[in-house]
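# Tertiary structure, described
The chain contents come next:
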Amino acid sequence: MKIFIDSAHLDDIESALKRGFIQGITTNPSLLSKEPKGSFEGHIEKIIALIKKYRPGIHLSVEVFSRDTEEILKQAREFVRRFNYPPISIKVQIGWNELETIRQLSAAGVSVNCTACMTVSQAMLAIEAGAAYVSLFWGRIRDGGVEESAAAAREELKKKKALDAKDFDPAFVTQSVRQIVDSGESATQIIIGSIRSVADIRDAALAGAHIATVPPKFFSDMVKHFKTDQVVQQFLSDFKGWMA
Ligand code: E4P
């Protein structure tokens, strides 16, 4: 499974790029809103400059910020033109009208990352519409099964049998989508977003995700282990004793 960074923070992106373990960057409007106010285009260009410096050619996902079909198409085409970075993927949210934009963009050769997918059926539609990537939101899928504020919406869909308990198990959702991809003709890749812990990253890999996009705050916990520190310390002090 490949690791992407889920961030628009330039220092965090640079520090991961320097270490060579990320093969892509995903951004979204909320992540961008955490950065100092300024030009959206200028900020994406700074991210591209960092990619070109450290790891030219890796994946970059940039999300449209509209739910209007025409506006989505306009923004997507403008991102492709303005950023002029061929590996760019345009993130379009899953939705009825959005499927049409995914279809049109994919048919025109634009790589689409269909984002905010929670269920197998959403992912299936995105794959059929031509999305190059489907982003499944691991943490939010799980939250959807327990969130008090979503109880009414959840029960209504359960009553209609549009959803059942399995739809709130992110590992089940990921395994199922992977099975669908592997048994079909498409080369769609599954990106797991909405990571809430290092255990989620491991579980996403075991469930068959092609990619996990990881918030930078988890990288240090991915690399650290108290037994590693202990043994490295032991090696150093044993050697120091022998050299003395
Ligand atoms: C993925 O592409 C999204 O940027 C992201 O992972 C959303 O996750 P959140 O639930 O942390 O907002």
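Everything here concerns the structure above.
Residues numbered from 1 in each chain as written. Predicted model: local features only at pLDDT ≥ 70, side-chain atom pairs only at ≥ 80, totals over all residues. Heavy atoms only, no water.

For the protein chain, the helix and strand inventory stands at 12 helices and eight strands. Per-residue burial for the protein chain yields a buried fraction of 45% across its 244 residues. Considering only residue pairs separated by 6 or more positions, the protein chain has 59% of its internal contacts joining residues 24 or more positions apart. A total of about 13,400 Å² of accessible surface is found on the protein chain, and carbon and sulfur atoms cover 54% of it. Charge-centre separation for the protein chain: the mean point of 31 positive side chains lies 4 Å from the mean point of 30 negative side chains. (Helix = DSSP H or I, 4+ residues; strand = E, 2+ residues; numbered from the N terminus. Buried < 20%, exposed > 50% of the residue type's maximum accessible area, 1.4 Å probe, protein only. Contact = heavy atoms within 4.5 Å. Areas by Shrake-Rupley, 256 points an atom, 1.4 Å probe, with all protein chains shown as cover. Lys, Arg positive; Asp, Glu negative; His and termini not counted. Charge placed at Lys NZ, Arg CZ, Asp CG, Glu CD.)

Among the secondary structure elements, Ala123 is positioned in helix α6 (residues 120–129). Take Ala123: its relative accessible area is 0%, and that puts it in the buried class. Between the alpha carbons of Ala123 and Pro87 there is a distance of 22 Å; along the sequence they are 36 residues apart. Not counting chain neighbours up to four residues away, the residues in contact with Ala123 comprise Val134, Leu136 and Val177.

In terms of nonpolar packing, the biggest core is built from 61 residues, with Ile44, Leu60, Leu136 and Val177 touching the most fellow members. In terms of residue count, helix α3 (residues 40–54) provides more of this core than any other element does, six residues in total. With sequence-adjacent residues up to four places away left out, Leu136 is seen in contact with Cys117, Thr119, Ala123, Ile141, Val173, Thr174, Val177, Ile190, Ile191, Ile192 and Gly193. (Core = buried A, V, L, I, M, F, W, Y, C linked by side-chain atoms within 4.5 Å.)

A few words now on the packing of helix α5 (residues 96–107) against α6. Taken N-terminus to C-terminus, the directions of α5 and α6 make an angle of 30 degrees; their axes are 8 Å apart at the nearest point. On the basis of their axis angle, the class for α5 and α6 is roughly parallel. On α6, the residues touching Leu99, Ile102, Arg103 and Ser106 of α5 are Leu125, Ala126, Glu128 and Ala129. Across the contact of α5 with α6, the residue classes tally to five nonpolar, one polar and two charged. (Axes fitted to C-alpha atoms, helices over the stretch in contact; angles between N-to-C directions. Parallel < 35°, antiparallel > 145°, perpendicular 65-115°, else oblique. Nonpolar A, V, L, I, M, F, W, Y, C, P; charged D, E, K, R; others polar.)

Before going further, it helps to examine the packing of aromatic side chains. Considering all chains together, one arrives at seven aromatic pairs under this definition. With centroids separated by 6.2 Å and ring planes inclined at 75 degrees, the aromatic side chains of Phe40 and Phe83 adopt a geometry described as edge-to-face. Of the two residues, Phe40 is situated in helix α3 and Phe83 in helix α4 (residues 69–83); the sequence distance between them amounts to 43 residues. You'll find Phe40 and Phe83 in the same group, each marked buried. Plain terms: the ring middles of Phe79 and Phe83 are 5.8 Å apart, the flat faces sit at 45 degrees to each other, and that makes the pair tilted. Of this pair, Phe79 and Phe83 both sit in helix α4, four residues apart, which is roughly one turn of the helix. Joined through ring pairs, the aromatic side chains of Phe40, Phe65, Phe79 and Phe83 make up one cluster. (Phe/Tyr/Trp six-rings, centres within 6.5 Å; stacked < 30°, edge-to-face > 60°.)

Our next topic: the sheet that holds strand β2 (residues 24–26). Taken in spatial order, the eight strands close into a barrel running β1-β2-β3-β4-β5-β6-β7-β8, and their pairing is parallel. Averaged over all adjacent pairs, the angle separating strand axes in this sheet is 30 degrees, with direction ignored. Both β2 and strand β3 (residues 59–63) contribute to a ladder of three bridges, which runs parallel. Residue Thr26 lies in a different strand from β3, and its bridge partner there is Ser61. (Pairing = 2+ DSSP bridges.)

Taken together, the residues surrounding the ligand are Asp6, Asn28, Lys91, Phe137, Arg140, Gly193, Ser194 and Arg196. A distance of 2.7 Å is found between an oxygen atom of the ligand and a side-chain nitrogen or oxygen belonging to Asn28. Note that an oxygen atom of the ligand is positioned 2.7 Å from one of the side-chain N or O atoms of Lys91. Taken by itself the ligand offers 350 Å² of open surface, and the protein chains cover 86% of this. Split into classes, the residues belonging to the shell around the ligand amount to one nonpolar, three polar and four charged. (Near = heavy atom within 4 Å. Polar contact = N/O pair within 3.5 Å; in protein donor to acceptor, adjacent residues only side chain to side chain.)

Now for the side chain of Asp200. Inspection of the secondary structure puts Asp200 in helix α10 (residues 198–206). Those residues in contact with Asp200 that sit more than four places away from it in its chain are Trp138, Arg142 and Ile195.

Moving on, we get to the pairing of strand β8 (residues 211–214). Regular strands place side chains that alternate from one sheet face to the opposite one. Side chains Ile211 and Thr213 project from β8 onto one buried face, and the interleaved Ala212 and Val214 project onto a second face that is buried too. Pairing of strand β1 (residues 2–6) with β8 involves four bridges; the strand directions are parallel. Paired with Lys2 across the bridge in β8 is Ile211. Across two bridges, the pairing between strand β7 (residues 189–193) and β8 is parallel. When the bridges of β8 are listed, Ile191 appears paired with Ile211. Regarding the hand of the β-α-β motif, the stretch spanning β7, α10 and β8 is right-handed. (Right-handed = clockwise from strand over helix to strand, strands pointing away.)

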